[in-house]
Amino acid sequence: MMKKFILWVAFFVVATSAALANDKVIAELKANAPEQVTCQFEQQKFLKGMANPVISKGVLLYQPQNFGMYYSQPEGDYLQITPNSFVMQTRGKVRNHNIKAGSPMLTLKNTLVMCMAGDVQGVANENGATLSYANNGGHEFTLTKDLKKGEKGYSKIVLVYDPKTYLLTSMTMVEANGNYSIYTLTQHDTKQKIDYNLFK
């Protein structure tokens, strides 16, 4: 009986310490949220039935509530978010997405902005996901959700932040059908001024 009690206490201490570390890092990320970011990105999209990923590259711009991905490969494609819009251009076709309350694209819009802002708890809440933390050379957060049959969204999101700058360096998004994308962000610049008119 005493042995079981000691094991339970040890487990409780470890679990409590992990929760405190989780909360501490979440608070630090929000406290060090960038006012703006310009960086390079590479996207690897893994699709079922394809041996190799589809690779895309470009420049990512972020300001609070504004987010843009401007592709150099494939050239001309872009994804642009403002407080009141979510626009994508793919192969020359422009789409203005529905971002009404409860829409999947509103969830994605808010998710992308909050990921850049370091608001991992907000991302978890937005997606109805469970949040866990690990220190694997960077602040790594894994968000998981059991999607119902036919439900749209992401079953798993993994976010990695630099432990010194608190900037997002990697984002993995797993879709309900098993397809997934890995975004790698490099060459961050938080001092370069971004013209607000780019997002209009």
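Just so it is clear, the model here is predicted, and its values are computed rather than measured.

S.K.: Sorry if this is basic, but what is going on with the sheet that holds strand β7 (residues 130-135) here?
M.R.: Backbone-to-backbone hydrogen bonds pair the strands of a sheet. The strands run either parallel or antiparallel. In spatial order, the strands read β6-β5-β4-β3-β2-β1-β11-β10-β9-β8-β7; together these eleven strands make up an open sheet with antiparallel pairing. Where the open sheet ends on each side, the last strands, each with one partner, are β6 (93-96) and β7. Taken over all neighbouring pairs, the strand axes of this sheet differ in orientation by 15 degrees on average, direction set aside. Where strand β2 (residues 54-63) meets strand β3 (residues 66-73), seven bridges bridge the pair, whose relative direction is antiparallel. Looking at β3, one finds that leucine 61 is bridged to glycine 68. Its contacts with the sheet put helix α2 (residues 104-117) on β1 (37-46), β2, β3, β4 (75-82), β5 (85-90), β9 (154-161), β10 (168-175) and β11 (180-189), and the angle it makes with β10 is roughly 155 degrees.

S.K.: Would you explain the pattern of salt bridges in this entry?
M.R.: Here the idea is simple: oppositely charged side chains can pair when their charged atoms come close. Under the definition given, this model contains four salt bridges. For glutamate 175, the salt bridge identified is with lysine 45, shortest N-O distance 2.9 Å. With glutamate 175 in strand β10 and lysine 45 in strand β1, this residue pair connects regions lying 130 residues apart in the sequence. Relative accessible area serves as the criterion here: at 23%, glutamate 175 is assigned to the partly exposed category.

The rules behind the values
Residues numbered from 1 in each chain as written. Predicted model: local features only at pLDDT ≥ 70, side-chain atom pairs only at ≥ 80, totals over all residues. Heavy atoms only, no water. Pairing = 2+ DSSP bridges. Helix = DSSP H or I, 4+ residues; strand = E, 2+ residues; numbered from the N terminus. Axes fitted to C-alpha atoms, helices over the stretch in contact; angles between N-to-C directions. Contact = heavy atoms within 4.5 Å. Salt bridge = Lys/Arg side-chain N within 4 Å of Asp/Glu carboxyl O. Buried < 20%, exposed > 50% of the residue type's maximum accessible area, 1.4 Å probe, protein only.

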